[in-house]
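Residue strings, one per chain:
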Amino acid sequence: MTNIDNTPIENTTSANNILPQFVDQLRHLYGIIVQNTYVKDTAKHLNRIIQDANNQTMILIVGKERVGKTTLVNGLLGREILSVDDQHPTSVNTFIRYGEQEEIKAYFLDGVVAVFDLSKLELLTTGDTFASQILREHLDYLEVYLKNDLLKSVTIIDSVSLEAGGGEMAYFSEALMNRVDEIFWVLRAGSMAMDAELLLIETLKNKGVEPLCVINGIDDEEHATAFMDSEQQRIGHLMSDFIGISAINALVAKQTDSHELWQKSQYDQLIAHIHRVAENSDKKTYAILIRFLQWLERFRFELTVIPQRDPFQSAVENIEKYAGDTQYEYSRYQRDLAIVKEYEQEYEQVANTFKQVQTLYQLLQTIAQHDYLHDSKVEEFTEIAVHYQQMLREYRNMHSEYLREYERLDAQHKKIHGKGLMKAFFGQHTQNEFFKERVQKLNEQQEVCVAQYAKVQQAEVSMLQAIRDTQPFLIDLVKVRMSRIEQKVQKLNQQRAKDKRQLKRYAEKLNEFSCLIEAQGYIKEHLQPFLMNEQMPLKSKDTAMLEETVQAILAIDLSNNGLLARSQMNNKMESIAIPFEVQEKYPLQMLDLREEDVKSNDIPEIPKKLVVQYED
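This structure is a prediction, so every number in the text was calculated from the model and none was measured.

Visitor: Can you help me understand the overall build of the chain in this one?
Guide: Looking only at helices and strands, one finds 21 helices and 11 strands in the chain. Buried positions account for 45% of the 616 residues belonging to the chain. Counting only contacts in the chain whose residues sit at least 6 apart along the sequence, the fraction spanning at least 24 positions is 81%. Entry remark: accessible area of the chain is about 32,300 Å², with carbon and sulfur atoms responsible for 47%.

What follows is the structure in structure tokens.
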């Protein structure tokens, strides 16, 4: 298939030994890059090159519809194995290989491989039933294993027909064409290659690929020789050679054991060519080398776009965010340490909320100063306690006012009568009416004091009951506050751990690309020197392409200036939780106010009512 006529003979003499060595090199390269999922398809193509290098010679049968491709294959096999249907041409590429056990392996697009009996081949290739159509929609390709001596040296591929539009290039799988060692381009005698075919053949010629032109149906066309001569003149520069055959005669000859028909079929030339292709290891080696150079260009393109695309780009950005700078990572740890220290100080203050509380007044002041003690139940208690203090304050004011009036009147009484009010037994005096009136007013004030004292006693009972109920609740509020502080520290440590996990994930993601860095080194240190060896069957343009591609591959920086190494180093930095051991260090100061702590112990006694006797 590949034109190597211009390749110096001395450069191909060792090709038979070169190919196994080259395959070993490719296997090692494949083992490196297959670790990266981003280049999964590229690795798959490399593996296919390796497989094809180890496989038998592969011959691809190509042509438009109804030129007899399938019949040609049946003639080579000597059996009507493949179904021939003018209405339903072959619609799935079929690889025909040697096998002691005759069977079909169907490879589906979802990766499933199913084994069928040989009798199901028509169903899978040309059948027009609903079931067969559904099957073919999900098929990738078929492998048919037959016990046939010819297949011991070659694999034959019966391909789907070329698809072509008016004047456009015919479409065919380039990947499949690249895999094979020889292409048989089939024409039917009397039907010239259409323009769309010629465009595709010219494209192959530009790649150094020259198919063998097989003209089928020479038994049906009386002007077959003239037609072949005409096509040779028209497209001979695109083909490696021309062979005229009759696939029908070959098949019938095999079935009837007719030597005469076999000679007329001219299949001996076709089979001789197949054997030459199978024995030409130099040609296969060169084809595999060219395919690898093409693969290398694909690999170069893949590496070029990696730094601009996810997941590489997102991994780089996030690693730079989390740990691009060692000093920043250290500073962030110091920042978190300072935050935890502040939380510790807050915890200490909350734990000591009631440390200095020994009176009702101090308790009310403490409640007012700390928002975490604000609650509807606490507010209700505060109202009761404040009401008690207000009642007490009013009583004191009333009592003080009473004492001032009493002392003033008592002083006046002593001045006039020489005796205080409590010792007075009034005789006749012009001031007696004045004192009588004033004593009456004092007694009225005394009654007000008595009433206010009762209110104080009532408020005191409510306050004592409220404080008994409220103290445990206040302790619980403090505990909740302490717990929230601990939760803040826990959340901070969780965020630190999350950041570390994120860093690790992104480092692992970026680390997936380290195998590609290894592949760059392997290509430079091993593959390039191996391929540049003067023993290799490569042309000067091939070696120039190789050198240019390798240099381009090596110029791509996937290390991002050592970011991966820095991320792995930072990942080893301080990552444990910042300790917050405060419960034993700052035990909760309990609130335990007793009745004598909250009651006023210096409430003035209720003044006695004045009883003064007067002489008539």
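Visitor: Got a minute to help me understand unusual backbone geometry in this structure?
Guide: Note on backbone geometry: most residues besides glycine have negative phi, and most peptide bonds are trans. P311 follows D310 through a cis peptide bond whose omega is 5°. Tracing the sequence through the fold places P311 in the loop between α12 (281-305) and α13 (312-323). Positive phi, close to 60°, is recorded for R66, a residue that is not glycine. Taking relative accessible area as the criterion, R66 reaches 49% and is therefore assigned partly exposed. Despite not being glycine, Q266 has its phi angle at roughly 60°, a positive value.

Visitor: Hey, could you run me through the nonpolar core in this one?
Guide: One recurring pattern in soluble globular proteins is that nonpolar side chains are buried together. With 52 residues, the main nonpolar core has F354, L360, L363, F381 and L474 as its most contacted residues. Elements with a contribution of two residues or more to this core: α14 (326-351), α15 (360-369), α16 (376-417) and α17 (432-511). Element by element, the count of residues in this core is highest for α17, at 18 residues. When neighbours within four sequence positions are excluded, F354 is seen to be in contact with L363, T366, L373, L474, I475, V478, Q589, M590 and L591.

Visitor: Where do I start with the packing of α12 against helix α19 (residues 540-554) in this structure?
Guide: Working note: a packed helix pair is described by the angle between its axes plus the distance between those axes. Direction vectors running N to C along α12 and α19 enclose 25°, while the axes themselves pass 9 Å from each other. Put simply, α12 runs roughly parallel to α19. For the element pair α12 and α19, the recorded crossing hand is left-handed. Listed contacts from α19 to Y286, I290, L293, Q294, L296, E297, F299, R300 and L303 of α12 are D542, M545, L546, T549, V550, A552 and I553. Split by residue class, the contact of α12 with α19 holds 11 nonpolar, 2 polar and 3 charged.

Visitor: How do you make sense of the environment of W295 when you look at a structure like this?
Guide: Within the secondary structure, W295 is located in helix α12. When its relative accessible area of 3% is taken as the criterion, W295 is described as buried. A sequence separation of 253 residues divides W295 from T42, and the C-alpha atoms of the two residues are 7.8 Å apart.

Visitor: Just to check I follow, could you spell out the sheet that holds strand β5 (residues 139-146) for this structure?
Guide: Neighbouring strands of a sheet are bound in pairs by backbone hydrogen bonds; such pairs are parallel or else antiparallel. One open sheet holds the 9 strands; their spatial order is β4-β3-β5-β2-β6-β1-β7-β8-β9, and the pairing between them is mixed. Each edge of the open sheet is held by one strand with a lone partner, namely β4 (113-116) and β9 (241-245). Shown here is a sheet whose adjacent strand axes are inclined to one another by a mean of 25°, direction ignored. Examined bridge by bridge, strand β7 (residues 182-188) and strand β8 (residues 212-216) share 5 bridges and lie parallel to one another. Note on β8: the bridge partner recorded for F184 is L212.

Visitor: Just checking my understanding: could you explain the pattern of salt bridges for this structure?
Guide: Opposite charge on two side chains permits pairing when their charged atoms draw close. Counted under the stated rule, the structure contains 27 salt bridges. Among the ionic pairs, E260 bridges to K264, the shortest N-O distance being 3.7 Å. Pair noted here: E260 and K264 are both in helix α10 (residues 259-265), with a separation of 4 residues, about one helical turn. Here E260 falls in the exposed class, since its relative accessible area comes to 55%. The salt bridge partner of E344 is K585, with a shortest N-O separation of 2.9 Å. Taken together, the residues E344 in helix α14 and K585 in the loop between α20 (563-570) and α21 (595-598) connect sequence positions 241 residues apart. Among the charged side chains, a network of salt bridges with common partners joins D52, R179 and R291.

Visitor: How should the environment of M590 be read in this particular structure?
Guide: The topology assignment puts M590 in the loop between α20 and α21. Between the C-alpha atoms of M590 and Q471, which are 119 residues apart in sequence, the distance is 9.2 Å. The residues contacting M590, other than those within four sequence positions of it, are F354 and I475.

Visitor: Could you clarify how one ought to interpret the packing of aromatic side chains in this entry?
Guide: By convention here, two paired aromatic rings are described through the distance between centres and the angle between planes. Inspection of every chain in the model, using the stated rule, returns 13 aromatic pairs. Both rings, one in F22 and one in F530, keep their centres 6.1 Å apart while their planes meet at 0°; by these two values the pair is stacked. Here F22, found in helix α1 (residues 15-33), pairs with F530, found in helix α18 (residues 514-531); they are 508 residues apart in sequence, far enough to count as distant. For F22, a relative accessible area of 1% puts it in the buried group. Among the aromatic residues, ring-to-ring pairing joins F22, F292, W295, F299 and F530 into one connected group. Over the ring of W262 we find K254; its NZ or CZ atom is 4.6 Å from the centre of that ring.

Visitor: Looking at this structure, how should I read the pairing of β8?
Guide: Residues in a regular strand project their side chains so that they alternate between the two faces of the sheet. Counting buried residues in β8 gives 5 out of 5 residues, a clear majority hidden from the surface. Alternating residues of β8 divide into L212, V214 and N216 and C213 and I215, and every residue in both groups is buried. Chirality of the crossover, the property in question, places the unit of β7, helix α7 (residues 195-206) and β8 among those that are right-handed. Here β8 pairs with β9 via 5 bridges, running parallel.

Visitor: I would appreciate a short explanation of the side chain of E182 in the present structure.
Guide: In this structure, E182 sits in strand β7. Classification of E182 as buried rests on a relative accessible area of 0%. Within the structure, the side chain of E182 is placed 3.0 Å from the side chain of H273, a separation counted as a polar contact.

Basis of the calculations
- Residues numbered from 1 in each chain as written.
- Predicted model: local features only at pLDDT ≥ 70, side-chain atom pairs only at ≥ 80, totals over all residues.
- Heavy atoms only, no water.
- Helix = DSSP H or I, 4+ residues; strand = E, 2+ residues; numbered from the N terminus.
- Buried < 20%, exposed > 50% of the residue type's maximum accessible area, 1.4 Å probe, protein only.
- Contact = heavy atoms within 4.5 Å.
- Areas by Shrake-Rupley, 256 points an atom, 1.4 Å probe, with all protein chains shown as cover.
- Core = buried A, V, L, I, M, F, W, Y, C linked by side-chain atoms within 4.5 Å.
- Axes fitted to C-alpha atoms, helices over the stretch in contact; angles between N-to-C directions.
- Parallel < 35°, antiparallel > 145°, perpendicular 65-115°, else oblique.
- Left-handed = near helix turned anticlockwise from the far one by under 90°.
- Nonpolar A, V, L, I, M, F, W, Y, C, P; charged D, E, K, R; others polar.
- Pairing = 2+ DSSP bridges.
- Salt bridge = Lys/Arg side-chain N within 4 Å of Asp/Glu carboxyl O.
- Phe/Tyr/Trp six-rings, centres within 6.5 Å; stacked < 30°, edge-to-face > 60°.
- Lys NZ or Arg CZ within 6 Å of the ring centre and 35° of its normal.
- Right-handed = clockwise from strand over helix to strand, strands pointing away.
- Polar contact = N/O pair within 3.5 Å; in protein donor to acceptor, adjacent residues only side chain to side chain.

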